Amino acid sequence: MNGSSAYFAAVNRGKRSVTLDLGSSEGRLAARQLVSTADVLVENFRPGVADRLGIGADEMMAAFPGLIYGSITGFGTSGPLADAAGTEVIVEAESGLMDVTGMPGAAPVRFGVAMVDIATGLALSTGVCAALAERARTGVGRRVDTSLFATAVSSLGTLIAGSAADGTTPDRWGSGHPTIVPYRAFEVVDGFVVLGATNDAMFTRLVGGLGIDPAEIDAAWSTNAGRINARTDVETVIHRSISHRCAGDVVTVLRDHGVLVAEVASAADTASGEQALALSLFEHHDGIPFSRSPLSGSDTRPLWRAPQLGEHTAEVFAELNRGADCASAAAQNRKG
């Protein structure tokens, strides 16, 4: 699309692109001019790089006390890994996330999408919003600093606490759950469905909805603890009752019985599905669906296409110069 990849287009639509040479005095002066008009600056360099380029937090916040300065690094700004390269898959491995992701007894796997990247961006945006609210009261900006590693580790909080409490090592459970049975994906004729019983009454409804012969159900399975102890037997009975059915049939029946269930859909099916359409989650260009904000009621105006590198440099600085000229003229009028 315009010489760029669909990935680039998906993550950069709605933006303007300005290029600067921060290795030159002119480029650094231009950067300061940009920052002088900004509420928030976000950088994603390794620790120390922004300082060397003249746009570090200390320098920028000293020059612009109201600035919110956001930083995302791979492993944070201190500690033995601070200077290490920290991409999504590296952080998944180093943090322990990959160790608990995958099928039981199989090799660990990475997430299907860059969830740590996404969650870290969300964490930073939350911090930035809080800093903006604080600035409204105090008039003073703040540095907001996070890392992929910190986000990944924080997501493991319950696992780490649970393991420390009972002395166990977390296992890989695939699509399943260590403390709820049943609660995983099962194969059917035309794909997979995920179903679960998060309480004992729901398990009773699941059995009734699937028409499972009561003779196949052990009395001990009436409690989740009993089902955990007989995990393989419980899941075998359920799989046997649905393996010859279509996903749509299983979903319809179990939803009618108030049981957690969903078909494992493809990303493409979801993009063109009724639910995504109802929520206006995608915008189509050249036959390609691009996701919009997940916030309900957000701006639904069409987004600009992704920019070419440096496409808006002249435009943005022309706007800055016009703004400076207007401010100067207003000041002269006040004096007059």
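A quick note: this is a predicted structure, and the numbers were derived from the prediction, not measured. Residue positions within a chain follow its written sequence, with the count starting from 1. Given that the model is predicted, a residue must reach a pLDDT of at least 70 before its local features are reported, and side-chain atom pairs must reach 80 or more before they are shown or counted; all residues, however, enter totals for whole chains, interfaces and linings. For side-chain calculations, the full set of non-hydrogen atoms in the structure is used, while hydrogens and water are omitted.

A few words on the packing of helix α5 (residues 88-95) against helix α6 (residues 115-138). Helices that pack against each other are described as a pair by the angle of their axes relative to one another and the distance between those axes. In this analysis, axes come from line fits to C-alpha atoms, helices being fitted only over the stretch in contact, and the angle between any two N-to-C directions falls in the range 0 to 180 degrees. Comment: elements are numbered from the N terminus, with helices defined as DSSP H or I runs of at least four residues and strands as E runs of at least two. The interhelical angle for the contact between α5 and α6, taken along N-to-C directions, is 90 degrees, at an axis separation of 8 Å. Judged by the angle between their axes, α5 and α6 are roughly perpendicular. Every residue of α6 that contacts α5 at Glu88, Val91 and Glu92 is listed here: Met115, Val116 and Asp117. Partitioned by chemical class, the residues of the contact of α5 with α6 number three nonpolar, no polar and three charged. Geometric relationships in this document are graded by angle, where less than 35 degrees denotes roughly parallel, more than 145 denotes roughly antiparallel, 65 to 115 denotes roughly perpendicular, and other angles denote oblique. Note on definitions: a residue-residue contact is assigned when non-hydrogen atoms from the two residues lie within 4.5 Å. All amino acids are sorted into three groups, where Ala, Val, Leu, Ile, Met, Phe, Trp, Tyr, Cys and Pro are nonpolar, Asp, Glu, Lys and Arg are charged, and the leftover types, Gly among them, are polar.

So, about a nonpolar patch on the surface. Patch membership is restricted to residues that have no salt bridge and whose relative accessible area is over 30%. Joining uses 9 Å for like charges and 5 Å for the nonpolar side chains Val, Leu, Ile, Met, Phe, Trp and Tyr. Shrake-Rupley sampling with a 1.4 Å probe provides the accessible areas, and residues are treated as covered by the protein chains on show and by no other component. A side-chain nitrogen of Lys or Arg and a carboxyl oxygen of Asp or Glu constitute a salt bridge if their distance falls within 4 Å. A surface patch of nonpolar side chains, about 360 Å² in accessible area, is lined by Val113, Met115, Ile118 and Leu122. Its location among the elements puts Ile118 in helix α6. Buried means the residue's accessible area, taken with a 1.4 Å probe over protein chains only, is under 20% of the maximum for its type, while exposed means over 50%, and partly exposed covers the values in between. The exposure class of Ile118 is partly exposed, given its relative accessible area of 44%.

Before going further, it helps to examine the packing of aromatic side chains. When two rings of Phe, Tyr or Trp (its six-membered ring) have centres within 6.5 Å they constitute a pair, described as stacked for plane angles under 30 degrees, edge-to-face for angles over 60, and tilted for the intermediate range. According to the stated counting rule, one finds one aromatic pair in the structure shown. For the ring pair Phe75 and Phe149, a centre distance of 5.5 Å and an interplane angle of 45 degrees mean the geometry is tilted. Note that Phe75 is positioned in the loop between β2 (68-73) and α5 and Phe149 in helix α7 (residues 148-155), a separation of 74 residues in sequence. Judged by relative accessible area, which is 8%, Phe75 ranks as buried. By definition here, charges over rings are those cases where NZ of Lys or CZ of Arg is within 6 Å of the ring centre and within 35 degrees of the ring normal. Here the basic side chain of Arg184 rests over the ring of Phe186, its NZ or CZ set 4.1 Å away from the ring centre. It is Arg227 that lies over the ring of Phe203; its NZ or CZ is 4.5 Å from the centre.

Topologically, Glu88 is positioned in helix α5. Buried charge without a salt bridge: Glu88, with Arg110 as the nearest opposite-charge side chain at an N-O distance of 5.5 Å. A 3.5 Å cut-off defines polar contacts: any pair of N or O atoms within that distance qualifies, except that in protein one atom must be a possible hydrogen donor and the other a possible acceptor, and neighbouring residues in sequence count only when both atoms are side-chain atoms. There is a polar contact of 3.4 Å between the side chain of Glu88 and the backbone nitrogen of Met115. Those residues in contact with Glu88, other than ones at most four positions away along the chain, are Arg110, Phe111, Val113, Ala114, Met115, Val116, Asp117 and Leu148. By the counting scheme adopted, Arg and Lys are positive, Glu and Asp are negative, and His together with the chain ends is not counted.

Turning next to the environment of Glu88. Judged by its relative accessible area of 8%, Glu88 is buried. Within the local environment of Glu88, its side chain forms a polar contact with the backbone nitrogen of Val116, the two atoms lying 3.2 Å apart.

Right, let's talk about the layout of surface pockets for a bit. Counted as a void, the second largest pocket has a volume near 620 Å³. Around the second largest pocket, the lining is made up of 26 residues, and of these Val100, Leu159, Pro170, Asp171 and Pro178 lie nearest the centre. Of all the elements in the fold, those that place two or more residues in the lining of the second largest pocket are α6, α7 and α8 (157-166). In terms of residue count, α8 provides more of the lining of the second largest pocket than any other element does, five residues in total. The class makeup of the residues in the lining of the second largest pocket is twelve nonpolar, twelve polar and two charged. Definitions used throughout: a 1 Å grid over protein atoms alone; a cavity as a set of points that fits a 1.4 Å probe which cannot get out; a pocket as an open set with protein on both sides within 12 Å along at least five of seven lines; a lining residue as one with an atom within 4 Å of a point. Grid points are joined across faces, edges and corners, and a volume is the space filled by probe spheres set on the points.

Counted according to the given criterion, the structure contains twelve salt bridges. A salt bridge links Asp200 to Arg227, with the shortest nitrogen-to-oxygen separation between them at 3.0 Å. Of this pair, Asp200 sits in helix α9 (residues 200-210) while Arg227 sits in helix α10 (residues 224-229), and the two are 27 residues apart along the sequence. Under the relative-accessibility criterion, Asp200 is labelled partly exposed at 31%.

What follows deals with the sheet that holds β2. Here a strand pair is declared whenever DSSP counts at least two bridges between the two strands. On the basis of which strands lie adjacent, the open sheet formed by three strands has the order β1-β2-β3 and parallel pairing. Two strands in the sheet have a free side with no partner beyond their single neighbour: β1 (40-43) and β3 (142-147). Neighbour-to-neighbour, the strand axes of the sheet open up by a mean angle of 15 degrees, direction not taken into account. As paired elements, β2 and β3 share six bridges and run parallel to each other. Across the sheet, the residue bridging to Ser71 is Asp145, located in β3.

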